[in-house]
Amino acid sequence: MTGFVYIIGAGCGSADLITVRGLNALKSCDTVIYDALIDTSLLCNAPAGAELTCVGKRSGKHSADQEDINALLVEKALAGRTVARLKGGDPFVFGRGGEETAELRKHDIPFSVIPGISSCIAVPELAGIPVTHRNVSRGFHVITAHTSEGDRDFSRYAALEGTLVFLMGRNALTDIAEGLVRGGMSPDTTAAVISEGGTFRQRAVRGTLADIAGKAEREGCTAPAVIAVGETAAFDLSGSLSGKLRGVSVTVTGTEKFTGKLSALLGAQGAYVKRHTHLRIVKQRDMPPLDGYGCIAFTSSYGAEMFLTHCKEQRTDLRTLAGVKIAAVGSGTAETLAAGGIIPDIVPEKYTVSDLADAIADNTAGKVLILRAALGSETLGERLAERGTDFYDVKIYDTVSIPEIPPEHTDTDYIVFGSSSGVQAFFAAGSTVSPHTRTVCIGAQTADTAKQYTDGEILTALPHSAEGVLNTIRGDISE
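The text that follows walks through the structure, step by step, so that each part is easy to find. (Residues numbered from 1 in each chain as written. Predicted model: local features only at pLDDT ≥ 70, side-chain atom pairs only at ≥ 80, totals over all residues. Heavy atoms only, no water.)

1. A short note on the overall build of the protein
Inference 1: Each helix and strand in the protein was counted, giving 15 helices and 22 strands.
Inference 2: In terms of overall dimensions, the protein has C-alpha extents of about 90 × 60 × 40 Å along its principal axes.
Inference 3: Relative to its 479 residues, the protein shows a buried fraction of 50%.
Inference 4: Across the protein, every contact between residues at least 6 apart in sequence was considered, and the portion connecting residues at least 24 apart equals 64%.
Inference 5: Seen as two clouds, the 45 positive and the 56 negative side-chain charges of the protein have centres 3 Å apart. (Helix = DSSP H or I, 4+ residues; strand = E, 2+ residues; numbered from the N terminus. Buried < 20%, exposed > 50% of the residue type's maximum accessible area, 1.4 Å probe, protein only. Contact = heavy atoms within 4.5 Å. Lys, Arg positive; Asp, Glu negative; His and termini not counted. Charge placed at Lys NZ, Arg CZ, Asp CG, Glu CD.)

Following this line, the structure appears as C-alpha cells:
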C-alpha cells in the first residue's frame, strides 16, 4: 500500500515558529526527512521509533542532491510509510518544494503541502523591520542571492519599488550591494543584514549599500542571513515586551514533559529557550498489586503518571487506597498526583529522596511501595533500610535516549539537566557544551554526574524543581 507525504514548512529559527497544522502532521509520521537548518528540537515530536534522516548540510557534510531527496521520498512512500518532509521556512519559497511535489505526482503518491513561516517576512520582522509600511513601502520582492546562471544584471532589481529581500545572501553581500549601486540605486539606500534570524544568536546590522558589507563583517554576521534593502530597513519596530531574563539564552535538555514545562517558565520571563528533547520515558514493567502497603512513594512525576494511568486502565476505585499514605518527593510530583485526584500526605520541605525517606519513616506504619525509574537513585531504599522501614522497590519505567536525535553543540548562556541519566545520555550521544555556558542541575546527584563531563561551575537548583531552576538562573543573573 502506498503511503503519504507531508511537505511541511518548519518555519525559521525557533521550533515554536512551526504552524499547529505542521506540528500535528509531524506527530503522525513514522518517517522524517529533514533539512539541517531546522530547529532539531522539532524532531522529538515524531512518534517513538520514527525513522529520522537528515538531508541537509551538517558538520561539514554536503547536503544530499535534490534528485536523491526526491528518490528517497518516493522510496519511503511506496514502502507504505507516512513521511514528513520537514523543510526550513516555507516549502515553496526557494525551498524546492515544487520539485518534490512534482516527483510525487509523477509516481501517483498522495501528498499534502503545509505552509511555513518564511524567513523573507519573519526574519526582518523579528529585527523590527516591516517589509511593507504605509507611505514607505507598498510592496516587497523576494530574491534568491544565488542562481545557477551565475552573474546577474542587478539593474532590474534596482528599478523596483518597495523593499528588496535577498535570501541566503551573506556570502554574496558585497556583490549584491555593489550590483544594486551599479544598477542605478543610490549608495545611500538603507540596507540591513539579519543573521541567524529567529535564534538566540540573531544579529541585525543596519547601514547603507555603500557600507553594509563592511559593517556586517565587523559585527560578525554569519550565514544564514537575510538582507533587506529599502527605506523600511532603517526601521526598528522590535517588540517592547520584556522580562527579567530578556537577552538570556537557555538550552533545556531532557524529556518532552520536563523541557516543555521549564521552557514555558523561562520563556514567560523573556528568555530565549532552545529545547533539546533527547530522552524518552518507556515502561519497564507492570504495576504490582497495590494491596498490603502502608505507603506508596513516588520519586518523580513520571512514576505518578504511570500509577494514575494504571488505576484508570484497571478501573481502580481510589477509595480502596483509604488509609494508605501517599508520598511525593516534590511539588511537581505532588501536582501530578493532585491532577489525578490524589492529594499526597507526605511532601518533604526539601525535595530530596533522603528527606522523603525520613518523612515516610516518621509518618508511616507498614510496608512502603516505591515506584521509581530504573536508573534512579538508590538512596530512598537505603535510607528507609537505615530507619528500619520495610519496603518494596519497583522500577516501573526507564529513561532512555532517543538515538535519532542528532548531537548538539550548546553555546547558550545556560544549559539545564533534569537527571543524571540525562547528563550521561547527552554526552554519550556526542553533544558538547561551550566553555562559556553555565550548567544548571536540578539536584545534587545530577550535579555530581555533570562534574564528570564539564570543568565549569555547576549550579544546583533550589528547590529541586523546574521553578527552582528558574529561580537559580534569575539569581545568577542578578549577582
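Picking up where we left off.
2. Regarding helix α8 (residues 256-268)
Inference 1: With 13 residues, α8 ought to run about 18 Å at 1.5 Å a step, and its terminal C-alpha atoms sit 18 Å apart, in line with that.
Inference 2: Three or more residues of α8 are buried, namely Phe-258, Thr-259, Leu-262, Ser-263 and Leu-266. Down the axis of α8, the buried set is contained in an arc of 115°. They therefore lie on one face.
Inference 3: Against the buried residues of α8 lie β11 (249-254), β12 (272-277), α9 (301-313), β19 (414-417) and α15 (466-478).
Inference 4: Of the residues one or two after α8, Gly-270 is the one with positive phi, at around 95°. (Expected span 1.5 Å × (residues − 1). Arc of directions from axis to C-beta.)

3. Section: the packing of helix α11 (residues 353-363) against helix α12 (residues 379-386)
Inference 1: Here α11 crosses α12 at 35°, and the two axes come no closer than 8 Å. Judged by the sense of rotation from one axis to the other, the crossing of α11 with α12 is right-handed. Along the contact surface, α11 presents Val-353, Ser-354, Leu-356, Ala-357, Asp-358 and Ile-360, while α12 presents Thr-379, Leu-380, Arg-383 and Leu-384.
Inference 2: Class assignment for the residues of the contact of α11 with α12 results in six nonpolar, two polar and two charged. (Axes fitted to C-alpha atoms, helices over the stretch in contact; angles between N-to-C directions. Left-handed = near helix turned anticlockwise from the far one by under 90°. Nonpolar A, V, L, I, M, F, W, Y, C, P; charged D, E, K, R; others polar.)

4. What about the sheet that holds strand β21 (residues 438-441)?
Inference 1: An order of β12-β11-β19-β21-β22 is seen for the five strands of this open sheet, with the pairing classed as parallel. Because the sheet does not close on itself, it has two edges, and the strands there are β12 and β22 (458-460). On average, each strand axis in the sheet is tilted by 25° relative to the strand beside it, whichever way the strands run.
Inference 2: Bridge count between β11 and β19: three bridges; the pairing is parallel. Bridge pairing in β19 places Val-252 opposite Val-416. (Pairing = 2+ DSSP bridges.)

5. Quick look at the side chain of Thr-389
Inference 1: Mapped onto the elements of the fold, Thr-389 is located in the loop between α12 and β17 (391-401).
Inference 2: Sequence-distant contacts of Thr-389, defined by excluding residues within four places in its chain, comprise Ala-361, Gly-366, Val-368 and Leu-384.

6. Regarding the pattern of salt bridges
Inference 1: All chains considered together, the criterion is met by 29 salt bridges.
Inference 2: One salt bridge in this structure joins Asp-39 and Lys-274, with 3.2 Å as the shortest N-O distance. Within this pair, whereas Asp-39 is found in the loop between β2 (31-34) and β3 (51-54), its partner Lys-274 is found in strand β12, the two being separated by 235 residues in sequence.
Inference 3: On the basis of relative accessibility, which here comes to 18%, the residue Lys-274 falls in the buried class.
Inference 4: For Asp-317, the salt bridge is made with Arg-319, and the minimal N-O distance between the two is 2.8 Å.
Inference 5: Linked through salt bridges whose partners overlap, the residues forming this network are Asp-358, Asp-362, Arg-383, Glu-386 and Arg-387. (Salt bridge = Lys/Arg side-chain N within 4 Å of Asp/Glu carboxyl O.)

7. Overview of unusual backbone geometry
Inference 1: Pro-224 follows Ala-223 through a cis peptide bond whose omega is 0°.
Inference 2: Assignment of secondary structure puts Pro-224 in the loop between α7 (212-218) and β10 (225-229).
Inference 3: At Arg-315, a residue that is not glycine, the phi angle is positive and equals roughly 55°.
Inference 4: Tracing the chain through its elements places Arg-315 in the loop between α9 and β15 (325-328).
Inference 5: Since its relative accessible area comes to 75%, Arg-315 is described here as exposed.

8. Re the state of the cysteines
Inference 1: Scanning the model with the defined rule gives zero disulfides in all.
Inference 2: Left unpaired, Cys-295 is separated from the closest cysteine sulfur, that of Cys-311, by 15 Å.
Inference 3: Judged by its relative accessible area of 0%, Cys-295 falls in the buried class. (Disulfide = S-S within 2.5 Å.)

9. Some words on the pairing of β17
Inference 1: By the bridge criterion, five bridges tie strand β13 (residues 279-283) to β17 in an arrangement that is antiparallel. The residue bridging Arg-280 from the neighbouring strand is Val-400, located in β17.
Inference 2: Note that strand β16 (residues 368-373) and β17 share six bridges and pair parallel. Residue Val-368 lies in a different strand from β17, and its bridge partner there is Phe-391.

10. Regarding the sheet that holds β15
Inference 1: Here five strands make up an open sheet; going across it, the order is β13-β17-β16-β14-β15 and the pairing mixed. The open sheet has two free edges, formed respectively by β13 and β15, since each of these has just one partner strand. With direction set aside, neighbouring strand axes in the sheet form an average angle of 20°.
Inference 2: Its contacts with the sheet place α9 against β13, β14 (295-298), β16 and β17, and it is angled at close to 105° to β17.

11. Here's the deal with the environment of Gly-418
Inference 1: Relative to the assigned elements, Gly-418 resides in the loop between β19 and α13 (420-428).
Inference 2: Along the chain, Gly-418 and Thr-259 lie 159 residues apart, while their C-alpha atoms are 8.8 Å from each other.
Inference 3: With residues up to four places along the chain from it excluded, the contact list for Gly-418 reads Thr-253, Phe-258, Ile-442 and Thr-446.

12. Overview of the side chain of Thr-101
Inference 1: On the secondary structure map, Thr-101 appears in helix α3 (residues 97-106).
Inference 2: On the basis of relative accessibility, which here comes to 9%, the residue Thr-101 falls in the buried class.
Inference 3: Only 3.0 Å separates the side chain of Thr-101 from the backbone oxygen of Gly-98, close enough to count as a polar contact.
Inference 4: When near neighbours in sequence (up to four residues on either side) are disregarded, Thr-101 contacts Ile-7, Phe-92, Phe-111 and Val-113. (Polar contact = N/O pair within 3.5 Å; in protein donor to acceptor, adjacent residues only side chain to side chain.)

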